[in-house]
Amino acid sequence: QRERERERRMTIKFILLVNKQGQTRLAKYTDEFLSVDERTMLEGEIVRKCLSRTEKQCSIIQHRNYKVIYRRYASLFFLVGVDEEENELAIMEFIHCVVETMDRYFGNVCELDIMFHIEKAHFLLDEMLLNGSILDTNRSNILSPLQMLDK
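In this report, we go over the structure that sits alongside the text.

**Focus: the overall build of the protein**
Then, in step 1: If you tally the helices and strands in the protein, you get six helices and seven strands.
Then, in step 2: Counting from the amino terminus, helix and strand elements in the protein follow one another as α-β-β-α-β-β-β-α-α-α-β-β-α.
Then, in step 3: Computed over its C-alpha atoms, the radius of gyration of the protein comes to 15 Å, within 12% of the 15 Å expected for a compact globule of 151 residues.
Then, in step 4: Along the three orthogonal principal directions, the C-alpha set of the protein runs to about 45 × 40 × 30 Å.
Then, in step 5: Buried residues in the protein amount to 42% of all 151 residues.
Then, in step 6: Taking contacts inside the protein between residues at least 6 apart in sequence as the whole, the part at least 24 apart equals 48%.
Then, in step 7: Side-chain charges in the protein split into 22 positive and 25 negative, and the spacing between the mean points of these groups amounts to 3 Å.

**Thoughts on the nonpolar core**
Then, in step 1: Counting 30 residues, the largest nonpolar core has I12, I15, F78, M102, I114 and L124 as its most contacted members.
Then, in step 2: Broken down by element, this core gets its largest block of residues, 10 residues, from helix 3 (residues 88-106).
Then, in step 3: Setting aside residues up to four positions removed in sequence, I12 forms contacts with T30, V80, G81, V82, I91, F94, L129, G132 and I134.
Then, in step 4: With 15 residues, the next largest nonpolar core counts V18, L42, Y66 and L79 among its residues.

**Things to note about the layout of surface pockets**
Then, in step 1: Estimated volume of the second largest pocket: approximately 180 Å³.
Then, in step 2: In this structure, the second largest pocket is lined by C50, L51, R53, T54, E55, Q57, S59, Y70, R71, R72 and F77.
Then, in step 3: If you list the elements that add at least two residues to the lining of the second largest pocket, you get helix 2 (36-51) and strand 4 (66-73).
Then, in step 4: If you tally residues by element for the lining of the second largest pocket, the top one is strand 4, at three residues.

**Notes on empty space enclosed by the protein**
Space left empty within the atom packing is revealed by a probe, the size of a water molecule, rolled over the atoms.
Then, in step 1: Under the criterion given, the structure shown has one cavity of 30 Å³ or more.
Then, in step 2: Approximately 40 Å³ is the volume attributed to the largest cavity.
Then, in step 3: What lines the largest cavity is I15, L17, F78, L79, V80, F94, I95 and V98.
Then, in step 4: In the lining of the largest cavity, the residues fall into eight nonpolar, no polar and no charged.

**Concerning the packing of aromatic side chains**
Then, in step 1: Enumeration over the complete set of coordinates arrives at five aromatic pairs.
Then, in step 2: On the basis of an interplanar angle of 45° and a centroid distance of 6.5 Å, the ring pair of Y70 and F77 is categorised as tilted. You'll find Y70 and F77 in the same group, each marked buried.
Then, in step 3: Arranged with centres 5.8 Å apart and planes meeting at 90°, the rings of Y73 and F78 form a pair that is edge-to-face.
Then, in step 4: Here the aromatic residues F14, Y29 and Y66 are joined through ring pairs into a cluster of three or more.

**Here's the deal with the state of the cysteines**
Then, in step 1: Counted according to the given criterion, the structure contains zero disulfides.
Then, in step 2: C58 forms no disulfide, and the closest cysteine sulfur to it belongs to C50, at a distance of 10 Å.
Then, in step 3: A disulfide-free cysteine, C97 has its sulfur positioned 19 Å from the sulfur of C110, the nearest such atom.

**Details of the sheet that holds strand 1 (residues 12-19)**
Then, in step 1: Pairing in this open sheet of five strands is antiparallel, and the strands run 2-1-5-4-3 from one edge to the other. Unpaired on one side and paired on the other, strand 2 (24-29) and strand 3 (60-63) mark the two borders of the sheet. The average undirected angle you get between the axes of adjacent strands in this sheet is 20°.
Then, in step 2: In terms of strand pairing, strand 1 meets strand 5 (residues 76-82) through seven bridges, oriented antiparallel. Counted as the bridge partner of I12 is V82 from strand 5.
Then, in step 3: Along the sheet, helix 2 makes contact with strand 1, strand 2, strand 3, strand 4 and strand 5, crossing strand 3 at roughly 140°.
Then, in step 4: Seen against the sheet, helix 5 (residues 118-128) touches strand 1 and strand 2 and runs at an angle of roughly 35° to strand 2.

Reading the values: rules and limits
- Residues numbered from 1 in each chain as written.
- Predicted model: local features only at pLDDT ≥ 70, side-chain atom pairs only at ≥ 80, totals over all residues.
- Heavy atoms only, no water.
- Helix = DSSP H or I, 4+ residues; strand = E, 2+ residues; numbered from the N terminus.
- Rg over C-alpha atoms; globule rule 2.2 N^0.38 Å.
- Buried < 20%, exposed > 50% of the residue type's maximum accessible area, 1.4 Å probe, protein only.
- Contact = heavy atoms within 4.5 Å.
- Lys, Arg positive; Asp, Glu negative; His and termini not counted.
- Charge placed at Lys NZ, Arg CZ, Asp CG, Glu CD.
- Core = buried A, V, L, I, M, F, W, Y, C linked by side-chain atoms within 4.5 Å.
- 1 Å grid on protein atoms, 1.4 Å probe; cavity = no way out; pocket = protein on both sides within 12 Å on 5 of 7 lines; lining within 4 Å.
- Points joined across faces, edges and corners; volume = space filled by probe spheres on them.
- Nonpolar A, V, L, I, M, F, W, Y, C, P; charged D, E, K, R; others polar.
- Phe/Tyr/Trp six-rings, centres within 6.5 Å; stacked < 30°, edge-to-face > 60°.
- Disulfide = S-S within 2.5 Å.
- Pairing = 2+ DSSP bridges.
- Axes fitted to C-alpha atoms, helices over the stretch in contact; angles between N-to-C directions.

The following block contains the structure:
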């Protein structure tokens, strides 16, 4: 029963930040069962699928045993892979929170911010997620450790 509870709490399996050309700029996986080759193949398949869709199509797709929810902000796509039972609207809200938090820290986040400050982008996600579960969405709580490191 504990194992089942642990699996249920671990809902977010991966987060990908991808540019319009399909190049992954940030990848965070919480599913440790995937090898590097499997991750690379999964990324390629999902990115092709999401980028080929029009703006009028739904931004939720099913791929293998994942439900992928994505949103486009300027030139970046934010893709989140979750369990099939996960609430899509909650994940959409989480993606928006990630973008707003990065916007506040970087000042209108763009692809170059992610590329040149990848460790800070990972740090922000680490403050928001723990083992695939959303830990905190309060921007002040998330940003305060990073701002202290910047001093």
